[in-house]
Amino acid sequence: MSRLTIALPKGRMFDPVVQILQKAGIVGRDLDDSSRKLVLKDEKKDIDIILSKPADVHTYVEHGVADLGVGGKDVLLEARANVAEILDLGLGACRLVVALPKDKGITSLDQLPPTGIVATKYINVAQSFFDKQGIQVETVKLNGSIELAPIIDLSDMIVDITSTGTTLRENNLIEIAEIAKSTARLIVNRVSYKTHHNRIKYIADKVDEVIKNNS
Amino acid sequence: MNLNKLQRPEGTKDYLPQVAIKKRYIEDSLYQTFKGWGYREIITPTFEHYDILSAGTEGLQTKIYKFFDRKGQILALRPEMTASIARAVATKLKDEPLPLRLSYQSNVFRYEKPRAGRYREFSQGGIELFGVGSPMGDAEVIAIAAKALEGSGLKNFKIDIGDVDYFTGIMREGKLDKEIQLKIRRALSQKNLVELKELLDQTDLNSKGKEAILEGQNLRGGLEVIEKAKQLVGNQESLESLINLEEVYKYLNLLGVSQYICIDLSVVRSFDYYTGIVFEGYSEDLGYTICGGGRYDRLVDKFGYSIPATGFAIGIDRLLLSLEEQNYQFPIPQNGTLVLFDRDNNAQAFSLVDKLREEGEDVEFELYNRSLDQVIDYSLVKGLNRILILGDVEGKDAYQTKVIEGQEVIEVLLEGGLKGE
C-alpha cells in the first residue's frame, strides 16, 4: 500500500480534527500545529500530514499534492473546488448569512432595494446567491472585519459566517437570510479516490464511526 | 513596448524547443495509434458560430471565449472538438458510408482559472466513432484510449468505465421529479457524497433505491462489480446498462486491454451530455484525469442527423506532465551535426550536407566563422553530436581526418570525452 498525504487546517479546527483521526486510528502520533514544520510524518501509519492554512487545504487536494484534506464547506463553496466531498465531520458548524444594520429597518430579502453593495470574503457565494434571488448587487472583497463595512458606509450589507450571532449583535447587525450551512468536510482528490479507493473508503468509514459515537 | 505586454496572456504557455519536441512526439504517437484503427484525421476551424459550439459542450458554455465578427455574428473559439466534428459529420459527411471513424489533434480554448495542469489554451488528441450504437463500438473506442496511452509510453494508468443509465434508471423507477433528479445528478458528477446523502434523504426513494445509488459509489473492480450491482437494482433500465457494461468489458478483455480497465459505477462525468457508457483515464502520478469520453447519442441529432456517437479526448499537456512525472525517457534521437567550412569549400560542404540530411541527420551550418573552441562550446550547449570541418579552421590540427560520404573532413565527436569537460 502506498503512502497517503493528508492536508489539515491549522488553527481552530486543528485539535478537534486530529482527535477524530487519532480515535479512528488513522493517525498514531501526537500532532501540534504550532510547530514550524509544515510536513509531519507518521511512519507507523504510513501517512504524511501537511499543515496548511484552512483556506488552502482544497488547493492541495485538488492538485493531488494531498490525497485527503479537511476543509470548511464555506471555503469549498467559495472556491468551487473540484474535489470529492465524502464525509461531513460535523465540526466547526456555522452559517453563511446576509446581514445588515438594524437601523435600516429591513428584515427580509424582498425589502432590499433593487441594487446594493455587499461586503464579503465570499464574493462568489454572495454573487450567485443574489443572482438566484434576482437582486442586483455589487460585491466588495474584504479579508476580515466584514462587520465594519456597513457601519462605515463601505457597503449596504454583508455576507459572512456566523455561529452564535454574537459578533453580528455586537455590531448592531441583523440577519435577514441564510445562504448555506457549513461544517468541516472530509475532501479527497478525485484521482486519489480512485487509486487509493479501498484505503480512503476505510478511513472514511472509521472516521464516520467515531463521529457517530461522539454525537 | 512596455514589459507588461511582453508577458503572455494569463493561462497560455510557450512550448520551448525541448518541450515542443516531446509534445510533437506524443502527438505523432497518438496519431499512429488512431490511424492503425482506421481513424482518419479531420481538421476543423479554430473558431465557429457560438451556437454550434455551445450545443455540444458538457457544461462549458460559461467558459467559452466569444467575440463578434464585423457582421455582428457571435463567434467563439472551440472549447473542445466534438461539437465541431459533429457539425461536419451532420453536413459535409452526411452522405459518407457509415461507420465514420475520425481523429483529431488540436488546441482548444477555455476561460478557466489557470492552475498547474489547467491552461486557457491547451491541446487535445482524440477520436469520434459515428454510426455505431453497439457495445463493440464502445469497446473499440475505450481500447483505442488504452492503446494510445500505452503507446505514448505511459505506465501505471487505468481507465475507469461506468454507465450513466445505471443511476438514471434508479431515479426514473423512483419517479423522482425533474428538479431533484438534476440535483442528484449534479452531486453524483461532483462526487459530493455529503450532499448526495442529504438529497436522497429528502426523496421518497425506497431504501433499496438509496442503497443502489450510494453503494454505486463504492463499486470498483472487474466483472464481479457488475454481479454485485445487479443484486442492487430491479429496474429494466439499470439492468440493461449493467449488461451493456458487461458486454463492453468482455470485448475489452478480448481486445487485450482489460488490465487497464476498472469498472467504476461512480464515473458519470456529465449527465446532460452523455447517454450511456462513460470513462476516464488517469495515472497515479497526476492529480487530474488524463483522458475522458463516452457515448453521446443525442448530439449529432441537434445538427439534424440522427446517428449514435462515441469518442474521447486525451489532454496532451496532462499526458506530457504525467510522462515527465514518471521520468519517461522520450525516444527522441539526438543526431545533430554542425558543419564548418571556409569559402574555398562551399561546393563540397553543401553537397556533403545534402547527403547527410538525406540520410536523416540534422545538420546546421556554422555561419559565424567562429574559432573551433567557440564552436565546440556552442555545440555542447545545443546538444549536438559532432562537428565536421572542411577546409582551414583554427585549432583543427588536434583532430583526426576522416572520409565521410566520399568527402575528406575532420571530425570532432562531442560524445563522451568532450562532453564531460
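How each quantity is defined
Residues numbered from 1 in each chain as written. Chains lettered and ligands numbered in written order. Predicted model: local features only at pLDDT ≥ 70, side-chain atom pairs only at ≥ 80, totals over all residues. Heavy atoms only, no water. Helix = DSSP H or I, 4+ residues; strand = E, 2+ residues; numbered from the N terminus. Contact = heavy atoms within 4.5 Å. Areas by Shrake-Rupley, 256 points an atom, 1.4 Å probe, with all protein chains shown as cover. Lys, Arg positive; Asp, Glu negative; His and termini not counted. Charge placed at Lys NZ, Arg CZ, Asp CG, Glu CD. Domains from an automatic or database assignment. Buried area = accessible area lost by both parts, 1.4 Å probe. Salt bridge = Lys/Arg side-chain N within 4 Å of Asp/Glu carboxyl O. Polar contact = N/O pair within 3.5 Å; in protein donor to acceptor, adjacent residues only side chain to side chain. Phe/Tyr/Trp six-rings, centres within 6.5 Å; stacked < 30°, edge-to-face > 60°. Buried < 20%, exposed > 50% of the residue type's maximum accessible area, 1.4 Å probe, protein only. Lys NZ or Arg CZ within 6 Å of the ring centre and 35° of its normal. Pairing = 2+ DSSP bridges. Axes fitted to C-alpha atoms, helices over the stretch in contact; angles between N-to-C directions. Nonpolar A, V, L, I, M, F, W, Y, C, P; charged D, E, K, R; others polar. Patch = residues over 30% accessible without salt bridge, like charges linked within 9 Å, V, L, I, M, F, W, Y side chains within 5 Å.

Caption draft 1: Focus on the overall build of chain A. A count of helices and strands for chain A gives eight helices and eleven strands. Taking the principal axes of the C-alpha coordinates as reference, chain A spans close to 60 × 35 × 30 Å. Summarising the internal contacts of chain A: among those between residues at least 6 apart in sequence, 68% fall at separations of at least 24. Of the roughly 10,500 Å² of accessible surface on chain A, 48% is carried by carbon and sulfur atoms. In chain A, the 28 positive side-chain charges and the 29 negative ones have mean positions that sit 5 Å from each other.

Caption draft 2: Focus on the domain arrangement of chain A. Residues and elements named next belong to chain A. For chain A, the assigned domains read domain 1 (4-92 + 183-214) and domain 2 (94-181). In this structure, domain 1 and domain 2 have C-alpha centres spaced 30 Å apart. Taken together, the contacts link nine residues of domain 1 with eleven residues of domain 2. Taking both sides of the interface into account, the surface hidden between domain 1 and domain 2 amounts to around 740 Å²; carbon and sulfur atoms contribute 49%. In this structure, the connection of domain 1 to domain 2 is made through zero salt bridges. For the pair domain 1 and domain 2, the number of links is five residue pairs in polar contact (both at pLDDT 80 or more).

Caption draft 3: Spatial organisation of the packing of aromatic side chains. Residues and elements named next belong to chain B. As enumerated under the stated definition, the model contains 14 aromatic pairs over all chains in all. Look at Phe157 and Tyr260: their rings are 4.3 Å apart centre to centre, the planes differ by 10°, and that puts the pair in the stacked class. Residue Phe157 is located in strand β7 (residues 157-163), and its partner Tyr260 is located in the loop between α11 (236-254) and β9 (261-264); the two are separated by 103 residues in the primary sequence. Where Phe341 meets Phe350, the ring centres are 5.8 Å apart and the plane angle is 75°; that geometry is what we call edge-to-face. Since its relative accessible area comes to 15%, Phe341 is described here as buried. For Phe350, a relative accessible area of 41% puts it in the partly exposed group. Cluster of aromatic residues (ring-pair linked, three or more members): Tyr25, Tyr328 and Phe330. Across the ring face of Tyr15, the terminal group of Lys23 is positioned such that the distance to the ring centre comes to 4.8 Å. The ring centre of Tyr111 lies 4.1 Å from the NZ or CZ of Arg120, which sits over that ring.

Caption draft 4: Highlighting the sheet that holds strand β5 (residues 84-88) of chain A. Residue and element names in this part refer to chain A. The six strands are arranged β2-β3-β1-β4-β11-β5 in an open sheet whose pairing can be described as mixed. Looking at the sheet topology across the chains shown, the edges are occupied by β2 (39-42) and β5. Between one strand axis and the next, the sheet turns through 30° on average, direction left out of account. Note: strand β4 (residues 68-72) against strand β11 (residues 184-188), five bridges, orientation antiparallel. Along β11, the bridge assignment pairs Gly72 with Ala184. Helix α8 (residues 197-214) rests against β1 (4-9), β3 (47-52), β4, β5 and β11 of the sheet, and its axis sits at about 25° to β5.

Caption draft 5: Here's a closer look at the sheet that holds strand β4 (residues 74-77) of chain B. All names here are of chain B. Read across the sheet, three strands follow the order β2-β4-β3 without closing on themselves; strand pairing throughout is antiparallel. The two strands at the open ends of the sheet, each matched to only one other strand, are β2 (47-49) and β3 (66-68). For this sheet, the mean angle separating the axes of adjacent strands, direction not counted, is 35°. Taken together, the three bridges between β3 and β4 define a ladder with antiparallel strand orientation. Residue pairing for β4: Phe68 is matched across the bridge by Ile74.

Caption draft 6: Structural view of the interface of chain A and chain B. Between chain A and chain B, the contact holds 19 residues from the first and 24 residues from the second. Of the roughly 1,900 Å² buried between chain A and chain B on both sides combined, carbon and sulfur atoms contribute 49%. Of all residues in chain A, the largest losses of buried area upon contact with chain B belong to His63(A), Val191(A) and Lys194(A), amounting jointly to 34% of the total for that side. Inspection of the region where chain A meets chain B yields four salt bridges. A salt bridge links Arg118(B) to Glu62(A), with the nearest nitrogen and oxygen atoms 3.2 Å apart. Across the chain A-chain B interface, the total number found is eleven residue pairs in polar contact (both at pLDDT 80 or more). Those elements giving two or more residues to the side of chain A that touches chain B turn out to be α2 (57-63), β5, α7 (192-195) and α8 of chain A. No other element matches β5(A), which puts five residues into the side of chain A that touches chain B. Taken together, the residues of the side of chain A that touches chain B break down into six nonpolar, five polar and eight charged.

Caption draft 7: Structural detail: a positive patch on the surface. Taken together, the side chains of Arg80(A), Lys121(A), Lys141(A) and Lys113(B) define a basic patch exposed on the protein surface. For Lys141(A), the position within the fold is in strand β8 (residues 136-141).

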